[in-house]
Structure formats: C-alpha cells, structure tokens
Amino acid sequence: MWYVIEGTDVPNSLARRLDARPAHLARLNALKDAGRLLLAGPFPAIDAADPGEAGFSGSLIVAEFDDLAAAQAWADADPYVEAGVYAHVVVRPFRKVLP
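Residues numbered from 1 in each chain as written. Predicted model: local features only at pLDDT ≥ 70, side-chain atom pairs only at ≥ 80, totals over all residues. Heavy atoms only, no water.

A. Structural context of the nonpolar core. Among the nonpolar cores identified, the biggest contains 11 residues, and these are Tyr3, Ile5, Leu28, Leu31, Ile61, Ala63, Phe65, Ala71, Trp74, Ala75 and Val91. At the level of secondary structure, the elements contributing two or more residues to this core comprise β1 (2-9), α1 (14-33), β3 (56-64) and α2 (68-76). The element best represented in this core is α2, accounting for three residues. (Core = buried A, V, L, I, M, F, W, Y, C linked by side-chain atoms within 4.5 Å. Buried < 20%, exposed > 50% of the residue type's maximum accessible area, 1.4 Å probe, protein only. Helix = DSSP H or I, 4+ residues; strand = E, 2+ residues; numbered from the N terminus.)

B. Local environment of the side chain of histidine 24. Along the chain, histidine 24 falls in helix α1. Side chain to side chain, histidine 24 and aspartate 78 meet in a polar contact 3.0 Å long. For histidine 24, the residues in contact, after removing those within four places along its chain, are Ile61, Asp78, Pro79, Tyr80 and Tyr86. (Polar contact = N/O pair within 3.5 Å; in protein donor to acceptor, adjacent residues only side chain to side chain. Contact = heavy atoms within 4.5 Å.)

Structure below.
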C-alpha cells in the first residue's frame, strides 16, 4: 500500500538539510530502485523553484510499504529526523486514483 510521509521543517533548517541530504537521498533512491517510490520532494519556503537562502518548509514522500508500522519505522529513521530538520512527521495511508 502507498503511504504519505510529510515532514515539517523547524525554522532555519537549510544548513541541517544540506548536511543530511546525501544520506536522505540515498534512502529515497533505494526505494526508487526497488520500485516503491511514487514521488518525493521538498516544499520551497517561498514561491520559487529555487528558494535560495529561504530554504524549505518541509518534504513530501509517497512510497510503498507493507503496512503503516513499516512506513512509520522508515520515516522515524530518516536522516532529516536524526539531524533535527523536521519539527514533526506525519505518516498516513494513501490511495492513488489518478493518473
């Protein structure tokens, strides 16, 4: 089943994000390589494709896991969580309808 993982950043998270980004992307690429990643990306803190120093306000990941507990465990082990990028993370089931 698909699950949405939505992380909300702490204020001024950009430096922490940049430090933890390689490990964060490695985990996402592992999901992608396994065919389990539907989409992933950050929310720019301002209305711009490249927010520069404004950074990001959070992230969205939609990926396939066996159950909610597995999705939550994966989210809890995210390098952004460990680095203190996220103030909080919400994990919930998702049913893809379109496209």
